[in-house]
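So the chains spell out like this:
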Amino acid sequence: IAIFIILSLFIYSKTFLIADRTKISGLFALGDPALVYEKVTLDRLQHDNSTRILTNLWHNKAALATLSAFQNYLRSFSPEFLFITGGGNTQHNIPDFGNLYLWTAPFLLLGFTYLLWSKNENKRLILFWLLIAPLAASITKDAPHTNRMAPVLPVLELLIAYGFLKAVSIIFQNRKIFASIILSVLVLLFIGNFTIWIDRYFIHFPQKRASIWGEGYTKLVSYLSLNNNFASKEIVMSRP
């Protein structure tokens, strides 16, 4: 515990007291002036009595932060984020692909259901892990963010594996021939889903996300370095 506290204090001191605090201040909903103006100021002005107590009670920064965090927390478990498109930050998401394979969706639901009814001694730990993992990411303005949701992904994989093993064991106990057919279908679904991932990641991701990852900077720097006309000039780069 002492080692944990010392390391934590070191990490948080670097996070909150040095340059990272600038980045952190821009992560929250209240750190975005445009969002505050849209969700608080404009909503107040739409009331005839924009200065009344109730109007200010409904539309204020605290209400915005609370509602945003609650919505983001729920979106962290949405099918769209998990299986369809991933998070809203396109830099860290494969085009038209979720954070989990689509074929695992029913097993995630089965695993969660079986876990609720099981008497496994690790049940409380896994459920606690599942509930608290999205909390940190949910208070940021662009949640659910795939990178910030990394702590929840291992427990989702555990639930998928648990649901898969339970389903397979039940099927094999009743009808082995039927079970073989089911397993063959699942293998085909996995192969299909995996090949789609390869196509999205290796073919479409480099092209659709090229501008976000600074496409052309390598060629630009090489051109400027080799061209003597720019050797003594200051170079100003605009946004991509």
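Our subject is the structure that appears above.
Draft legend 1. Structural detail: the overall build of the protein. Looking only at helices and strands, the protein has twelve helices and zero strands in total. Along the chain direction, N to C, the helices and strands of the protein fall in the order α-α-α-α-α-α-α-α-α-α-α-α. The C-alpha atoms of the protein give a radius of gyration of 24 Å, which is well past the 18 Å a tight globule of 240 residues would have. Taking the principal axes of the C-alpha coordinates as reference, the protein spans close to 75 × 65 × 50 Å. The burial tally for the protein puts 28% of its 240 residues in the buried class. Carbon and sulfur atoms make up 67% of the accessible area of the protein, which amounts to about 17000 Å² in all. Computed over 22 positive and 13 negative side-chain charges, the separation of the two mean positions in the protein equals 7 Å.

Draft legend 2. Geometry of the nonpolar core. Membership of the largest hydrophobic core comes to 21 residues, with the highest contact counts inside it found for Leu82, Leu100, Leu108, Val152 and Leu156. Counting residues per element, the ones that place at least two in this core are α6 (79-84), α7 (105-117), α8 (123-132) and α10 (153-174). Among the elements that line this core, the one with the most residues is α10, at five residues. Residues contacting Leu108, with those up to four places away along its chain left out, are Leu82, Phe83, Leu100, Leu156, Leu159 and Ile160.

Draft legend 3. Structural detail: the packing of aromatic side chains. Throughout the structure, instances matching the rule amount to twelve aromatic pairs. Here the aromatic rings of Phe107 and Phe164 are separated by 5.2 Å at their centres, their planes lie at 70 degrees, and the arrangement is edge-to-face. Residue Phe107 is found in helix α7, and its partner Phe164 is found in helix α10; the two are separated by 57 residues along the sequence. Here Phe107 falls in the buried class, since its relative accessible area comes to 8%. Ring centres of Trp197 and Phe202 lie 6.0 Å apart, and the angle between their planes is 85 degrees; on these two criteria the pair is classed as edge-to-face. For Phe202, a relative accessible area of 52% gives the class exposed.

Draft legend 4. Fine view of the pattern of salt bridges. Here the structure, examined in full by the defined rule, presents three salt bridges. Of the charged contacts in the structure, one is a salt bridge between Lys208 and Asp96, with a shortest N-O distance of 3.7 Å. Here Lys208, found in helix α11 (residues 176-208), pairs with Asp96, found in the loop between α6 and α7; they are 112 residues apart in sequence, far enough to count as distant. Given a relative accessible area of 47%, Lys208 falls into the partly exposed group. Across the pair Arg148 and Asp142 runs a salt bridge, and its minimum N-O distance is 2.6 Å. Taking relative accessible area as the criterion, Arg148 reaches 25% and is therefore assigned partly exposed.

Draft legend 5. The arrangement of unusual backbone geometry in detail. Pro144 follows Ala143 through a cis peptide bond whose omega is -5 degrees. Among the structural elements, Pro144 can be located in the loop between α9 (135-138) and α10. Phi is positive for Asp96, which is not a glycine, with a value near 55 degrees. Among the residues examined, Asp96 registers a relative accessible area of 51% and is labelled exposed.

Draft legend 6. Region of interest: the environment of Gly98. The topology assignment puts Gly98 in the loop between α6 and α7. Sequence spacing of Gly98 and Met149 is 51 residues, and the spatial spacing of their C-alpha atoms is 13 Å. The residues touching Gly98, leaving out its near neighbours within four places in the chain, are Phe81, Leu82, Phe83, Ile84, Thr85 and Gly86.

About the cut-offs
Residues numbered from 1 in each chain as written. Predicted model: local features only at pLDDT ≥ 70, side-chain atom pairs only at ≥ 80, totals over all residues. Heavy atoms only, no water. Helix = DSSP H or I, 4+ residues; strand = E, 2+ residues; numbered from the N terminus. Rg over C-alpha atoms; globule rule 2.2 N^0.38 Å. Buried < 20%, exposed > 50% of the residue type's maximum accessible area, 1.4 Å probe, protein only. Areas by Shrake-Rupley, 256 points an atom, 1.4 Å probe, with all protein chains shown as cover. Lys, Arg positive; Asp, Glu negative; His and termini not counted. Charge placed at Lys NZ, Arg CZ, Asp CG, Glu CD. Core = buried A, V, L, I, M, F, W, Y, C linked by side-chain atoms within 4.5 Å. Contact = heavy atoms within 4.5 Å. Phe/Tyr/Trp six-rings, centres within 6.5 Å; stacked < 30°, edge-to-face > 60°. Salt bridge = Lys/Arg side-chain N within 4 Å of Asp/Glu carboxyl O.

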